[in-house]
Amino acid sequence: MNTKLIPTNFCTLTRPLKVLLKMTVLAGFLTSSIQAYAEPIQIKFSHVVAENTPKGQMALKFKELVEQRLPGEYQVNVFPNSQLFGDNNEVAALLLNDVQFVAPSLSKFERYTKKLQIFDLPFLFENMESVDRFQQSDSGQKLLNSMKRKGIVGLGYLHNGMKQLSASSPLILPTDANGKKFRIMASDVLAAQFQAVDAIPVKKPFSEVFTLLQTRAIDGQENTWSNIYSKKFFEVQSHITESNHGVLDYMVVTSAEFWKSLPADKRTVIKSSLDEALAHGNQIAAAKVDKDKATIAASKRSDIIQLTTDQRQEWVSSMKPVWRQFEAKIGKDLIDAAVASNKL
């Protein structure tokens, strides 16, 4: 009797199992189909400068490499010229996940870590080779992680170049800056730098600088040859002093939340793409220094002032006390490491 019952019950039991199996296979097929036709994950890269700058070209190269290596999976949308956010709120937007990548100037991180104030110290680095040596050193690489507790992940440095001083009248000696208004980024170090020569620092967004200069609301500003050219500051500034008094570099950052959300294999591809894009941008930055300076000179819209050794030393002597003013916040060991980078 038992042998007759077993086949009957077995057949009865296998019927729902067969249905369940078919449903599982169908669900798997549908999932695969949905994934195959899913929209790519959107990555927003916001920055505040023109597309023809080193930063603009770096961002476009990053987009090209990511979409080439992860086709259909990730799409990078680049927003230049403060189209989404100005330079005073792009980091806040990053932490809110309104954008996934930004590349602010190093001055913009002052509220998240005082360590990065080192890049604003006047006359600290002799040239861009010194800057690069410091950034690639152990001390420089550790600074990429200096904001992790605030939810910000540093992924790499991008060069723009050494800063020059522009104004509506000649700046030859520090006394020439007395009483003049200079636009600066939101940086206590940069404010102290201009106060050291009895000038008036005015913290304003980068997107407003041209209008401020054009309307004479301010007398001058500091910037790289690349930014002075691309933003046409030379058209509304009669004099540019080649001071090379500071560095204007950027750090490409993302939020810790977004970075951790990426699958490990995708994160590796995106990071390697960014590394290549940064190398590309740094090559452009190096080439643009002489090119943009020559273009400005050829325009004859602005007189380029070459300082003598003695004249430049007067600027150094006037501004260098700012180092000691911020030494406790930055760290003397870090400043010493930067100074050491000036030696081959």
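For the structure, see preceding data.
As the structure is a prediction and not an experimental result, all values here were calculated from the model.

### Points about the overall build of the protein chain
Each helix and strand counted, the protein chain has 13 helices and nine strands in total. Looking at the protein chain as a whole, 49% of its 344 residues are labelled buried. Considering only intrachain contacts with a sequence separation of at least 6, the fraction spanning at least 24 residues in the protein chain is 75%. Carbon together with sulfur atoms contributes 55% to the accessible area of the protein chain, which is approximately 16800 Å² in total.

### A closer look at the packing of aromatic side chains
We describe a pair of aromatic rings using the distance from one ring centre to the other and the angle between the two ring planes. Under the criterion given, the structure shown has 12 aromatic pairs. Between Phe101 and Phe258, the ring centres sit 6.0 Å apart and the planes meet at 80 degrees, which makes this aromatic pair edge-to-face. Placement of Phe101 in strand E3 (residues 101–102) and of Phe258 in helix H9 (residues 256–261) is noted, with a sequence separation of 157 residues between them. When sorted by exposure, Phe101 lands in the same class as Phe258, which is buried. Between Phe119 and Tyr157 the ring centres are 5.9 Å apart and the planes differ by 55 degrees, which places this aromatic pair in the tilted class. Residue Phe119 is located in the loop between E3 and helix H4 (128–136), and its partner Tyr157 is located in strand E4 (residues 152–167); the two are separated by 38 residues in the primary sequence. Just as Phe119 is buried, Tyr157 falls in that class too. One aromatic cluster in this structure is built from Phe45, Phe62, Phe101, Phe258 and Trp259. Here Lys320 stacks its cationic end above the ring of Trp323, 4.7 Å away from the centre of that ring.

### Concerning unusual backbone geometry
Of note, Asn81 is a non-glycine position whose phi angle comes to about 55 degrees, a positive value. Residue placement: Asn81 occurs in the loop between strand E2 (74–79) and helix H3 (90–95). At Phe123, a position not held by glycine, the phi torsion is positive, near 60 degrees. Within the secondary structure, Phe123 is located in the loop between E3 and H4.

### Concerning the pattern of salt bridges
Counted according to the given criterion, the structure contains 13 salt bridges. Lys288 is paired through a salt bridge with Asp292; the nearest N and O atoms lie 3.2 Å apart. Residue Lys288 and its partner Asp292 are both found in helix H10 (residues 264–299); the two are separated by four residues, about one turn of the helix. Classification of Asp292 by relative accessible area gives buried; the value is 2%. Look at the salt bridges and you will find they share partners, linking Glu73, Asp265 and Lys266 into a network.

### Details of the nonpolar core
In terms of nonpolar packing, the biggest core is built from 60 residues, with Phe45, Met58, Phe62, Phe101, Val252, Ile270 and Trp315 touching the most fellow members. When residues no more than four places from it in sequence are discounted, the contact partners of Val252 are Phe45, Met58, Phe101, Val102, Ala103, Val153, Gly154, Leu155, Gly156, Leu274 and Leu278. If you look at the next biggest cluster of nonpolar residues, it comprises 35 residues, including Leu116, Leu124, Met162 and Ile335.

The rules behind the values
Residues numbered from 1 in each chain as written. Predicted model: local features only at pLDDT ≥ 70, side-chain atom pairs only at ≥ 80, totals over all residues. Heavy atoms only, no water. Helix = DSSP H or I, 4+ residues; strand = E, 2+ residues; numbered from the N terminus. Buried < 20%, exposed > 50% of the residue type's maximum accessible area, 1.4 Å probe, protein only. Contact = heavy atoms within 4.5 Å. Areas by Shrake-Rupley, 256 points an atom, 1.4 Å probe, with all protein chains shown as cover. Phe/Tyr/Trp six-rings, centres within 6.5 Å; stacked < 30°, edge-to-face > 60°. Lys NZ or Arg CZ within 6 Å of the ring centre and 35° of its normal. Salt bridge = Lys/Arg side-chain N within 4 Å of Asp/Glu carboxyl O. Core = buried A, V, L, I, M, F, W, Y, C linked by side-chain atoms within 4.5 Å.

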